[in-house]
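Okay, here's what each chain looks like letter by letter:
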Amino acid sequence: MIRPANECEVEYREKMRDGDGVVKLTNFIVSPDELAGKGRLFSRITLEPGCSIGYHTHEGDRELFYILSGEAEYSDNGEVRTVRAGDVTICPAGTGHGIANRGSGVVELIAVIAYE
């Protein structure tokens, strides 16, 4: 199966997880069934300058980010570090994370949420 780029759903979430601004999600899957019941999200996330996904904890699943472009502040279970293009973050179940674009350029990342 091939899903052309123009058939991927795009959604905009204001104050995602109590973050700032509007976050753009380009969803690559239509439903969790496409991940064979092993996850619920596979998306490209775009953070314009000043936008963020607020800090939140994962229970029963884990989230991975692959940073495609830009530079952001990533809260890794409360420890804030800088992430850049090519970096990978992993937030296991029972831990928390958030990400913020404090710079002047766009930050793009791929996000996957997999069930434990």
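Residues numbered from 1 in each chain as written. Predicted model: local features only at pLDDT ≥ 70, side-chain atom pairs only at ≥ 80, totals over all residues. Heavy atoms only, no water.

## Focus on the packing of aromatic side chains
- In this structure the tally under the stated criterion is two aromatic pairs.
- Each ring, one from Phe-28 and one from Phe-42, has its centre 4.9 Å from the other, and the planes form 65°; the classification is edge-to-face. Here Phe-42 lies in strand E3 (residues 39–47) and Phe-28 lies in the loop between strand E2 (22–27) and E3, a separation of 14 residues in the sequence.
- Here Phe-28 falls in the partly exposed class, since its relative accessible area comes to 21%. (Phe/Tyr/Trp six-rings, centres within 6.5 Å; stacked < 30°, edge-to-face > 60°. Helix = DSSP H or I, 4+ residues; strand = E, 2+ residues; numbered from the N terminus. Buried < 20%, exposed > 50% of the residue type's maximum accessible area, 1.4 Å probe, protein only.)

## Considerations on the sheet that holds strand E1 (residues 9–14)
- The strand order across the open sheet formed by six strands is E1-E2-E3-E10-E5-E8, and the pairing between neighbours is antiparallel. Bordering the open sheet on either side are E1 and strand E8 (88–91), each of which pairs with just one other strand. Averaged over all adjacent pairs, the angle separating strand axes in this sheet is 25°, with direction ignored. (Pairing = 2+ DSSP bridges. Axes fitted to C-alpha atoms, helices over the stretch in contact; angles between N-to-C directions.)

## Describing the pairing of strand E10 (residues 107–115)
- Sheet topology note: the E3/E10 ladder contains eight bridges and is antiparallel. Bridge assignment links Thr-46 to a residue of E10, and that residue is Glu-108.
- As defined by bridge partners, strand E5 (residues 61–69) adjoins E10 across eight bridges and the pair is classed as antiparallel. Across the sheet, residue Arg-62 finds its bridge partner in E10, namely Ala-114.

## A closer look at the sheet that holds strand E4 (residues 52–57)
- With respect to topology, four strands assemble into an open sheet ordered E4-E9-E6-E7, the strand pairing being antiparallel. With partners counted over all chains shown, the strands left at the sheet margins are E4 and strand E7 (79–84), one partner each. Averaged over all pairs of adjacent strands, the angle between their axes in this sheet comes to 20°, without regard to strand direction.

## Remarks on the pattern of salt bridges
- Counted by the stated rule, this structure contains seven salt bridges.
- The shortest N-O distance in the salt bridge between Arg-3 and Glu-34 comes to 2.6 Å. Residue Arg-3 is located in the segment before E1, and its partner Glu-34 is located in the loop between E2 and E3; the two are separated by 31 residues in the primary sequence.
- Judged by relative accessible area, Arg-3 falls into the partly exposed class, the value being 23%.
- A salt bridge links Glu-71 to Arg-84; the shortest N-O distance between them is 3.1 Å. With Glu-71 in strand E6 (residues 71–76) and Arg-84 in strand E7, this residue pair connects regions lying 13 residues apart in the sequence.
- We classify Glu-71 as partly exposed; its relative accessible area is 44%.
- By relative accessible area, Arg-84 is classed as partly exposed at 44%. (Salt bridge = Lys/Arg side-chain N within 4 Å of Asp/Glu carboxyl O.)

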